[in-house]
Amino acid sequence: MGQERKLDGGDLTGLLLPQQNLALASPSNPSWTRERLQALIKSSFGQRRVVIVANRRPQPASQTEAGAAGGQPVSGLLSALIPLIEVSGGTWIGHDDNDNGLTAAQAKGNGNGRGKGNGNGQANGQINRQAIAATSSPPYQLRNVVIHAQDYEGYYNGFSNQGLWPLCHITYTEPQFKSADWHAYRRVNQHFAQAVLEETKGHRAIVFIQDYHLSLLAGLLKQKQPDLLVAHFWHIPWPHLDQLRTCPFHQEIITGLLGNDLLGFQTADHCANFLESVKRNQSRQRSQNPKQIAPESQTTTVKAFPISIDIRAHEDLATSEAAIKAMAKWRDKHQLHNKIIGIGIERLDYTKGLLQKMQAIEILLGKRPDLGGHFVFIQLAIRSRCQQRSYRELGDQLNQLVNKINQRHGNKEWMPIILQLDPHDQIDLVAIERLAKFCVVSSLHDGMNLVAKEFCAARIDNQGVLILSEFTGSAQELSGALMINPFAIDSIADAMLQAIAMDPQEEARRMIAMRNTISHQNIFRWGADIVQALKSIEGTRKQPCP
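Residues numbered from 1 in each chain as written. Predicted model: local features only at pLDDT ≥ 70, side-chain atom pairs only at ≥ 80, totals over all residues. Heavy atoms only, no water.

Draft legend 1. Examining the sheet that holds strand β15 (residues 482-484) more closely. Ordered in space as β12-β11-β10-β13-β14-β15, the six strands form an open sheet in which the pairing is parallel. Looking at the sheet topology across the chains shown, the edges are occupied by β12 (417-420) and β15. Here the average twist between neighbouring strands, direction ignored, is 20 degrees. By the bridge criterion, four bridges tie strand β11 (residues 375-382) to β12 in an arrangement that is parallel. Counted as the bridge partner of I378 is I418 from β12. Helix α12 (residues 354-367) contacts β10 (340-347), β11, β12 and β13 (438-441) of the sheet and is inclined by roughly 175 degrees relative to β11. Running at roughly 170 degrees to β15, helix α16 (residues 489-501) makes contact with β10, β11, β13, β14 (465-469) and β15 of the sheet. (Pairing = 2+ DSSP bridges. Helix = DSSP H or I, 4+ residues; strand = E, 2+ residues; numbered from the N terminus. Axes fitted to C-alpha atoms, helices over the stretch in contact; angles between N-to-C directions. Contact = heavy atoms within 4.5 Å.)

Draft legend 2. Representation of the environment of D310 within the structure. Examined against the element boundaries, D310 turns out to sit in the loop between β9 (300-304) and α10 (311-318). Spatially, the C-alpha atom of D310 lies 8.7 Å from that of A457, the residues being 147 residues apart in sequence.

Draft legend 3. Geometry of the packing of aromatic side chains. Per the counting criterion, the structure on display carries 21 aromatic pairs. On the basis of an interplanar angle of 70 degrees and a centroid distance of 6.0 Å, the ring pair of Y172 and F487 is categorised as edge-to-face. With Y172 in the loop between α4 (149-168) and α5 (179-200) and F487 in the loop between β15 and α16, this residue pair connects regions lying 315 residues apart in the sequence. Using a relative accessible area of 70% as the deciding quantity, one classes Y172 as exposed. Ring centres 6.3 Å apart and planes at 40 degrees place the aromatic pair F377 and F438 in the tilted group. Highlighted residues: F377 in strand β11 and F438 in strand β13, separated in sequence by 61 residues. (Phe/Tyr/Trp six-rings, centres within 6.5 Å; stacked < 30°, edge-to-face > 60°. Buried < 20%, exposed > 50% of the residue type's maximum accessible area, 1.4 Å probe, protein only.)

Draft legend 4. View of helix α18 (residues 523-539). Over its 17 residues, α18 runs 25 Å from end to end, which matches the ideal 24 Å to within 8%, given 1.5 Å per residue. Counting buried positions along α18 yields 13 of 17 residues, so the element is predominantly enclosed. Its side-chain oxygen at 3.1 Å from the backbone nitrogen of F524, N522 defines the N-terminal cap of α18. (Expected span 1.5 Å × (residues − 1). Polar contact = N/O pair within 3.5 Å; in protein donor to acceptor, adjacent residues only side chain to side chain.)

Draft legend 5. Representation of the packing of α10 against helix α17 (residues 504-520) in the model. Relative to each other, α10 and α17 sit at 125 degrees, their axes nearing to 9 Å. When the axes of α10 and α17 are compared, the pair comes out oblique. Here I311, R312 and E315 of α10 come into contact with α17, specifically with R515, I518 and S519. By residue class, the composition of the contact of α10 with α17 is two nonpolar, one polar and three charged. (Parallel < 35°, antiparallel > 145°, perpendicular 65-115°, else oblique. Nonpolar A, V, L, I, M, F, W, Y, C, P; charged D, E, K, R; others polar.)

Draft legend 6. Broad picture of the side chain of H445. For H445, the position within the fold is in the loop between β13 and α15 (450-458). A distance of 2.8 Å separates a polar atom in the side chain of H445 from the backbone nitrogen of I170. Excluding anything up to four places from it in sequence, H445 contacts C168, H169, I170, P237, T351 and F471.

Draft legend 7. Spotlight on α12. Taking 1.5 Å of rise per residue, the 14 residues of α12 would be expected to cover 20 Å, and the 20 Å separating its terminal C-alpha atoms lies within 8% of that figure. Inspection of α12 places L354, Q356, K357, M358, A360, I361, E362, L364 and L365 among the buried residues, and these make up the whole buried set.

Draft legend 8. Structural detail: the nonpolar core. Counting residues in hydrophobic clusters, the biggest one holds 126 residues, and the most contacted among them are F192, I378, F438 and L466. The residues contacting F192, other than those within four sequence positions of it, are V53, A54, N55, I93, G94, H95, V145, I147, Y155, L214 and L217. Counting residues in each nonpolar core, the second largest holds 35 residues, with L37, L142, A231 and I307 among its members. (Core = buried A, V, L, I, M, F, W, Y, C linked by side-chain atoms within 4.5 Å.)

Right under this line is the structure:
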C-alpha cells in the first residue's frame, strides 16, 4: 500500500450507497436464482478466474444439494460463492477445518510428524491443492493454506476471536490485543496472500475475501499485483471509532481494508462507522465521487450488502419426508404433543444473549404460572471456541441457570427448558423450527443473524412468531418480527407472552411479509449485487484488468 488516502470533512451520510430495494419479485423484477447469478457472472466477467478467500475452506461434501448427504444443504454463503467460482473453474483458498495446525517439527518441513488433517509435514504457509468434481463444468479447485499450530493459535483464537470479535460486537466483553497474536495474524495474512498470488499469476482474476480474519490481505495483494480486482465482505459489525481505537493496530487494519476495490458491510450503519473511522483517524480525503474513498491510484467503494439465505432450499428441506419424520421424533422424545413450544438456535457465544433469554423465560413463568406443564422452550446452543475460557465459562453459567430455573419451576413430569449443546443436522433444525410457536433471536449485537431468516424460511405454513433483537442486521429487513431490546429482560418476557397469545391470522400476516422479503432479497441477489458493483467499478478503471 504505502499510499496515503485522505477523506475531507463534512457529513458522511452522502457517502453511503442506499440499502437494497426490498420490493417483491414480479415479472419485471424476477427473483434471483443460482442459474441467473451464473449467467450474470458470465456476461460480466467472461471466463475471468474467480478466487474466493476465507479462513475456512468448504469440505467437498458441502457441495451436495439440499436434502442429500443426510439432509445437510449447502449453507447460505456457499450457495452464493460456489456459483462464482464454478463459472470460471476458479479456486477457494482457505484453511482446512480438520487441520488444527502443524507442530513445530512439521513447520520445518521435516516430515517426521503427522498433523491432524494434513499428514504430510508441509512447511508453514505451504499450499495443498485439490480439484473438486463439481456438477458444473469446469470444476473448481480447493487450496489449503497450512498454518503452524502456534501461528494459528495467535491468528485465530487470539487476535481474530479474542481481539476483533469482541471489539466489533457491543457485548461489554473486553477484547485482548497481544503483540504476539498480532504478529501471528500478520504472518497468516501473508501466507494467504502468497497463496492468492500464486493462483492469480498470469490470469485476469477477481479476488473475493471473506470476513475479519483477513483484514490485511487486500493491501498485501495490491502491493504485489495492483491490477487485481479485489472485494472484501465484512460479515460482522464494524465498531464505532471510540471502540476501534482501543485496538493498537487499527490503523494497519484500516489501511489493509482500503486496498480493496469494493468493501461490503451488512448494513448502512456499519458503512457509516467505517467511513467515520477513515475520515477521523486516517485524515483521508473524499474522492470526487462522494460514494467512494480515494487513494492516489484507485478508489475503495464502500457499500451495504445485507446477506441472506437460499429460501427455496430451506423450503424444500422443510417439506421433505425426512423433516416430517424428524418432527415426529422431536414430539415423541421430548413429549411435545399439545405443548406451546418456543425455540432458540445459535452458537454458544456471549454475543447471542443466551443468559438474558433464560432469565426472561423465568420471568415469563412467574407471570404465567398456568403455563406449567404446557410450555417448553428448546434452546440449542452449539459449543464453539472451546479453547477460550470465556466460552467455557459461558457454557457453565448457562447450564447452571437452566438447572436452577427447571428446579424452581419444573417437576418430575415436566421441565420448562430443554438445553442441548451438541450440534444438530439441518433436518433436525428445520423440524424444530416448524414445530415452534415462536423463535427468540436475542443477540446483543449481530452483523445479520441468518437464524432469523432460516426460521421464517422453514415456516411454509405461514405460522410462527419471530422475536428479534433490534441490534441485528436482520431487524432492518424483517419488520414482521416482534422487536426486543435484548438487554431489557422484562421486554423479552412480554414479547414471549405476546407471541403465545397471537392469533393465527396475525401470525400469517407477519410471517408472509417476512417470507416475501427473504424470497426477494435472497442469497443469490446478494451475490448479484456484489457482482454488479464490481462490474461498475471495473468500468470506471482507466485501464482494464490484463
